[in-house]
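Report on the structure
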Amino acid sequence: LSERLSTIFQGLSGKGKLSEDDVNLALKEVRMALLEADVNFKLVKDFVAKVKEKAIGEEVFSSLSPAQTVIKIVKEELTAMMGEENTELKLRPQSEITVLMMVGLQGAGKTTTAAKLAGKFQKMHRKPLLVACDIYRPAAIEQLRVNAEKLSIPFFSLGNQIKPEEIAQRAYEEAKEKGYNLLILDTAGRLQIDDALMQELKRMKAAVPVDWTILTVDAMTGQEAVNVSQSFSEDIGVDGVILTKCDGDTRGGAALSIKAMTGQPILFLGMGEKLSELEPFYPDRMAGRILGMGDVLSLIEKAQSEIDEEKARESVRKLSKGQFNYDDFMEQMNQLQKLGGIAGILKMLPGMNKAMQGIDLEDSEKKMKQVKCIIQSMTFKERANPKLMNPSRKKRIASGAGVDISEVNKLVKQFEEMQKMMKQFGGGRGKHGSPFGGG
Ligand code: GDP
Ligand code: MG
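Rules used in this analysis
Residues numbered from 1 in each chain as written. Chains lettered and ligands numbered in written order. Predicted model: local features only at pLDDT ≥ 70, side-chain atom pairs only at ≥ 80, totals over all residues. Helix = DSSP H or I, 4+ residues; strand = E, 2+ residues; numbered from the N terminus. Buried ≥ 20, exposed ≤ 12 C-beta atoms within 10 Å, placed from the backbone. Contact = placed C-beta atoms within 7 Å. Near = placed C-beta within 6 Å. Nonpolar A, V, L, I, M, F, W, Y, C, P; charged D, E, K, R; others polar. Pairing = 2+ DSSP bridges. Axes fitted to C-alpha atoms, helices over the stretch in contact; angles between N-to-C directions. Core = buried A, V, L, I, M, F, W, Y, C linked by C-beta atoms within 7 Å. Domains from an automatic or database assignment. Parallel < 35°, antiparallel > 145°, perpendicular 65-115°, else oblique. Left-handed = near helix turned anticlockwise from the far one by under 90°. pLDDT = per-residue confidence, 0-100.

1. Observations concerning the overall build of the protein chain
Helix and strand counts for the protein chain stand at 20 helices and 8 strands. Looking at the 439 residues of the protein chain, the share that counts as buried comes to 38%. A separation of at least 24 residues holds for 74% of the contacts in the protein chain among residues at least 6 apart in sequence.

Shown next, in the form of structure tokens:
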């Protein structure tokens, strides 16, 4: 679909002027894009009407190309609809206890997101306590406990015989006593909205001073996400929404609908099952994503913050001198993984969701893990000096890594090819070899 959009916009550009017919044609595609992104129908209609009005008016004054004008207006309007900036989940001062209560349907991601939030704030030097208030499924308590353990975050449970509101209360006491200042209550969900659930949540809210009732909504559920948001807002009051499973195929129309139809700010996006995969919500990027323009901006920003540029320069220098060794190889893979792995990177590029369909990403991630495992089975000397490699060493490495020797052979061969290639590259290009510029 983004291809279709590009084609239309290409068709528009160069004409110099934006006639009503042009605008209509472009907006027809925009309308399709929005509907395909699962934006509420009525919302789409209003939106398109609004943009049309603006676009035709703009024509006379604009110095942009017609295509740029349409994209600019569409994107601005979409962004405005989702709130100009991202809303911050503000906590009380460190000396006070902030209480977060996770609510949502079963499977929406409450338990996972509770842990993600705890981890995020722990990094910011808060003292979180994860509290298990979903007493209906024994696995739910265990799930939270395991997640808490993974992040070394204190965990509070009173089993499943005590009412959730009482658990919340006792956890609050515990926090006061032990100096925790961020209470995160994981609650039960149902397959659909029902009164018993709402009553329970209300009792919990009455039992402890909840600062933020946070609704987690599965982005993949599209339109349903809006209904869920509306019900929870009306019944118990919601202070912010976290849209989970945004790493999936969904284009995020739910984000637009939720904000526009319930007024709830979206605080974060869940971007995967891993506990580190929680990202701030940026309306302008989401606007791009909804239109299928790809989230290039996020990628660039992420790369800048996570890649240690000096390290990267160093390995490029080594590469072009042919000194590149297994340690450097490993370092490069680590950098790649910081960026969210191959899958994470590809997903953020425009048009990639489609292009990726034929590629087995899980397989390539697995292979990368295997390669790391093999390198880890090498001695420090072997890593630093690839020339040491010989058949008996390879055999030892293979058994250490638990792989077949052919895998080690493959890696060594690939590595050597890479080295060779880089040597040529370095020799031919001389000092100007660094793709990072300035080097
Ligand atoms: P709960 O029933 O609301 O507590 O939901 P859970 O936290 O148990 O999550 C349900 C499932 O969704 C689990 O398998 C999670 O690993 C998964 N999940 C949660 N958040 C995300 C996300 O952002 N992305 C993906 N891909 N999966 C998620
Ligand atoms: Mg749960």
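2. A look at the site of ligand 1
Taken together, the neighbourhood of ligand 1 is formed by 17 residues, with Gly109, Lys110, Thr111, Thr112 and Gly270 sitting nearest. Looking at which element gives the most residues to the shell around ligand 1, the answer is helix H5 (residues 110-123), with 3 residues. Among the residues making up the shell around ligand 1, the classes are represented as 2 nonpolar, 11 polar and 4 charged.

3. Some points on unusual backbone geometry
Its identity is not glycine, yet Ser152 carries a phi of approximately 55°, on the positive side. Phi is positive for Lys245, close to 60°, though the residue is something other than glycine. Here Lys245 lies in the loop between strand E6 (240-244) and helix H10 (253-262).

4. Observations regarding the sheet that holds E6
One open sheet holds the 8 strands; their spatial order is E3-E2-E4-E1-E5-E6-E7-E8, and the pairing between them is mixed. The open sheet has two free edges, formed respectively by strand E3 (155-156) and strand E8 (278-280), since each of these has just one partner strand. With 4 bridges joining them, strand E1 (residues 98-103) and strand E5 (residues 212-218) adopt parallel strand pairing. Residue pairing in the sheet places Leu100 in a bridge with Trp212 of E5. Against the sheet, helix H6 (residues 138-150) engages strand E2 (128-132), E3 and strand E4 (182-186), with an angle of about 165° to E2.

5. Focus: the nonpolar core
In terms of nonpolar packing, the biggest core is built from 89 residues, with Leu130, Val131, Leu183, Ile184, Leu185, Val217 and Leu243 touching the most fellow members. Per-element accounting of this core gives the leading share, 6 residues, to helix H2 (residues 20-36). Both of domain 1 (2-81) and domain 2 (98-293) provide at least three residues apiece to this core. Excluding its chain neighbours within four sequence positions, the residues that come into contact with Leu183 are Ile97, Val99, Leu100, Leu129, Val131, Ala171, Tyr172 and Ala175. Of all hydrophobic cores here, the second largest spans 10 residues; its members include Tyr326, Ile375, Ala401 and Val408.

6. Quick word on the packing of helix H7 (residues 164-178) against helix H8 (residues 195-207)
For the pair H7 and H8, the least separation of the axes is 8 Å and the interaxial angle reads 25°. Taken together, the axes of H7 and H8 lie roughly parallel to each other. By crossing handedness, the relation of H7 to H8 is classed as right-handed. Residues Pro164, Glu165, Ala168 and Gln169 of H7 pack against Glu200, Arg203, Met204 and Ala207 of H8. When its residues are assigned to classes, the contact of H7 with H8 shows 4 nonpolar, 1 polar and 3 charged.

7. Considering the confidence of the model for the protein chain
Residue-level pLDDT values for the protein chain average 81, and 76% of them are 70 or greater. Below pLDDT 50 for its whole length, residues 9-15 participates in 15 contacts with residues either more than four positions away or in separate chains. Low pLDDT (under 50) marks residues 294-304, which in the prediction has 21 contacts with non-local residues, meaning those over four places away or in another chain. Reported confidence for the predicted complex is 0.99 by ipTM and 0.66 by pTM.

8. Focus on the pairing of E1
In terms of burial, E1 is largely enclosed, as 6 of its 6 residues are buried. The alternating pattern of E1 places Thr98, Leu100 and Met102 and Val99, Met101 and Val103 on opposite faces, both of which are buried. In the sheet, E1 pairs with E4 via 5 bridges, with the strands oriented parallel. Paired with Met102 across the strands is Asp186, a residue of E4.

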